[in-house]
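Architecture and fold: a report
Now for the letters of each chain:
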Amino acid sequence: MADTSLVDRHEPLWKRLPVVVQLRRSTGWQRAMLVTGVVICALYLVVAIAAPLIAPYGFGQLQGADGQGFPRTAPPSPEHIWGTTVGGFDVFSRTVFGARTAVLVVIVAVVVSISVGVVLGMVSGYIGGWLDRVLVVVADAIYAFPSLLLAIVVSIVISGGNSSYTGGIVAAAISITVVYVPQYFRVVRAEAVRLKNEAFVESARVIGTNPWRIMTRHVLRNSTRSLPLILTLNASDAILTLAGLGFLGFGIGPTAGAEWGYDLSRALSDVASGVWWTGVFPGVAIVVLVLGVTFIGESLNDISDPRLRARRRLKQLVSTKQRGTGTEGAAA
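To start, this report covers the structure provided alongside it. Residue positions are given per chain, counting from 1 as you read along its sequence in written order. Selection of residues for local features in this predicted model requires a pLDDT of at least 70, selection of side-chain atom pairs for listing and counting requires 80 or more, and totals for whole chains, interfaces and linings are taken over all residues. Where side-chain values are given, they derive from all heavy atoms of the structure, hydrogens and water being excluded.

Things to note about the overall build of the protein
Of the regular secondary structure elements, the protein holds 14 helices and 0 strands. To qualify as a helix, a DSSP run of H or I must reach at least 4 residues; to qualify as a strand, a run of E must reach at least 2; elements of each kind are numbered from the N terminus. Mapped in sequence order, the helices and strands of the protein form the string α-α-α-α-α-α-α-α-α-α-α-α-α-α. Any pair of residues with heavy atoms lying within 4.5 Å of one another is described as a contacting pair. Counting only contacts in the protein whose residues sit at least 6 apart along the sequence, the fraction spanning at least 24 positions is 72%. We get accessible surface area from the Shrake-Rupley algorithm with a probe of 1.4 Å; when it comes to residues, only the shown protein chains can shield them. Element-wise, carbon and sulfur atoms account for 67% of the exposed surface of the protein, whose accessible area totals about 18,000 Å².

Written as structure tokens, this is what we have:
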């Protein structure tokens, strides 16, 4: 039997990239979900980066180049393709700039959460003792806090509930970080406890390898396989938590930045008047982004399922056997 590890090392670099590897392993609905999720998230990322080029107006702009103010609650038109809000803001421009806010919060929250959680979990699981017991108790206590409630408290502490653009992003990111660090901590700690008694770790310890090198080179590399799924779930929660902050009035102000949750809260009073466009487009933007991230998470979960891998290997064996049978028949 061929050594698959050697085959993998000799494959082109682009075939070993994270997303490409998952795409090659996926089949059927899992592949469709993964592709759909990646396309949606990539589209939002492009919109977030190129927001000033895509949006016809600024997120807080109230008048055109001719100096005339925008009409209030104007329906969709060639000048304002998604209409305007009761405050006179262009809905399309605010929705586009809102993508930048959402992407920034997700990136900051997820990067900080996974960095802190992985390091604490690795140290706690490998070292053990009183440090492990203290960290486990603290993690369990923090995990009991509702994320939105903690986000509100952090927002008030940081900016008095009147967040600037940076303050709103920091408040949401910190609150999400504090709440979701225990998830990464638990997963990595459990794997570290299991791996520290494995033969390869014992061998490294016997030859005098530095403990930090053992944790980073051997334990960490083998204890983070299930983190991508948790990461995608937390990214979805980060988007919803940010929207909840804005909806309750503890997020980013309209003149400091664009935020979908705030726009939804302002649109509540418009529904009774038949003004639907001020709330539909920000709401759809939230739903589609969360759906895209969820698709990625669900597909990654299915791809890591051993039963799916077994079906894929069986399919490859059947395909190989059929090709071999066809070749023998043609030769005969």
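Read on, since the account is not over.
Quick word on unusual backbone geometry
Among all residues save glycine, negative phi is the norm, and among peptide bonds the norm is trans. Notably, Thr-73 is not glycine yet its phi reads approximately 45 degrees, a positive angle. Within the secondary structure, Thr-73 is located in the loop between helix H4 (51-54) and helix H5 (91-127).

Describing the environment of Arg-194
Structurally, Arg-194 can be placed in helix H8 (residues 165-195). Remark: exposure states derive from per-residue accessible area (1.4 Å probe, protein chains only) relative to the maximum for the residue type, with buried under 20%, exposed over 50%, and partly exposed in between. What makes Arg-194 partly exposed here is its relative accessible area of 41%. In this structure, the C-alpha to C-alpha distance between Arg-194 and Tyr-126, residues 68 residues apart in sequence, is 9.0 Å. Within polar-contact distance, the side chain of Arg-194 engages the side chain of Glu-191 at 2.7 Å. Two N or O atoms count as a polar contact when they lie within 3.5 Å, although within protein this holds only if one can serve as hydrogen donor and the other as acceptor, and sequence-adjacent residues are included solely when both atoms are side-chain atoms.

Things to note about H8
Every α-helix winds through 3.6 residues per turn, so residues three or four apart in the chain are directed the same way. An ideal rise of 1.5 Å per residue puts 45 Å on 31 residues; H8 measures up with 43 Å between its terminal C-alpha atoms. Along H8, the helix axis deviates most sharply at Tyr-180, where the bend reaches about 35 degrees; the proline Pro-182 sits within four residues downstream. By definition here, a helix of n residues has an expected span of 1.5 Å times n minus one. We define the bend at each residue as the angle formed by axes fitted to the 7 residues ending at it and the 7 residues starting at it.

Observations regarding the packing of aromatic side chains
We call Phe, Tyr and Trp rings a pair once their centres come within 6.5 Å, taking the six-membered ring for Trp, and we label the pair stacked below 30 degrees between planes, edge-to-face above 60, and tilted otherwise. Summed over the entire model, instances satisfying the criterion amount to 7 aromatic pairs. Judged by centre distance (6.2 Å) and plane angle (80 degrees), the ring pair of Tyr-44 and Trp-260 falls under edge-to-face. Of the two residues, Tyr-44 is situated in helix H3 (residues 28-49) and Trp-260 in helix H12 (residues 260-271); the sequence distance between them amounts to 216 residues. Owing to a relative accessible area of 12%, Tyr-44 belongs among the buried residues under this scheme. The class of Trp-260 is buried, set by a relative accessible area of 3%. On the numbers, 4.9 Å between centres and 85 degrees between planes, the contact of Trp-82 with Phe-92 is edge-to-face.

Focus: the nonpolar core
Ranked by size, the top nonpolar core spans 53 residues in total, and within it Tyr-44, Val-219, Ile-239, Trp-260 and Leu-289 carry the most contacts. For this core, the secondary structure elements donating two or more residues are H3, H5, helix H7 (147-159), H8, helix H9 (199-206), helix H10 (211-222), helix H11 (227-247) and helix H13 (277-303). In terms of residues, this core owes the most to one element, H5, which gives 12 residues. Not counting chain neighbours up to four residues away, the residues in contact with Val-219 comprise Met-122, Tyr-126, Ala-192, Leu-195 and Ile-214. For this analysis, a nonpolar core means a set of buried residues of the types Ala, Val, Leu, Ile, Met, Phe, Trp, Tyr and Cys, connected via side-chain atoms within 4.5 Å.

Focus on the pattern of salt bridges
The term salt bridge refers to a pairing of a side-chain nitrogen on Lys or Arg with a carboxyl oxygen on Asp or Glu at a separation within 4 Å. All chains considered together, the criterion is met by 4 salt bridges. The shortest N-O distance in the salt bridge between Asp-263 and Arg-94 comes to 3.0 Å. Pair noted here: Asp-263 is in helix H12 and Arg-94 is in helix H5, with a separation of 169 residues, a long-range link. An identical accessibility class is assigned to Asp-263 and Arg-94; each is buried. Here Arg-189 and Asp-132 are joined by a salt bridge, their closest N and O atoms 2.6 Å apart. Of this pair, Arg-189 sits in helix H8 while Asp-132 sits in helix H6 (residues 129-143), placing them 57 residues apart in sequence. Given a relative accessible area of 25%, Arg-189 falls into the partly exposed group. By relative accessible area, which is 11% here, Asp-132 ends up buried.

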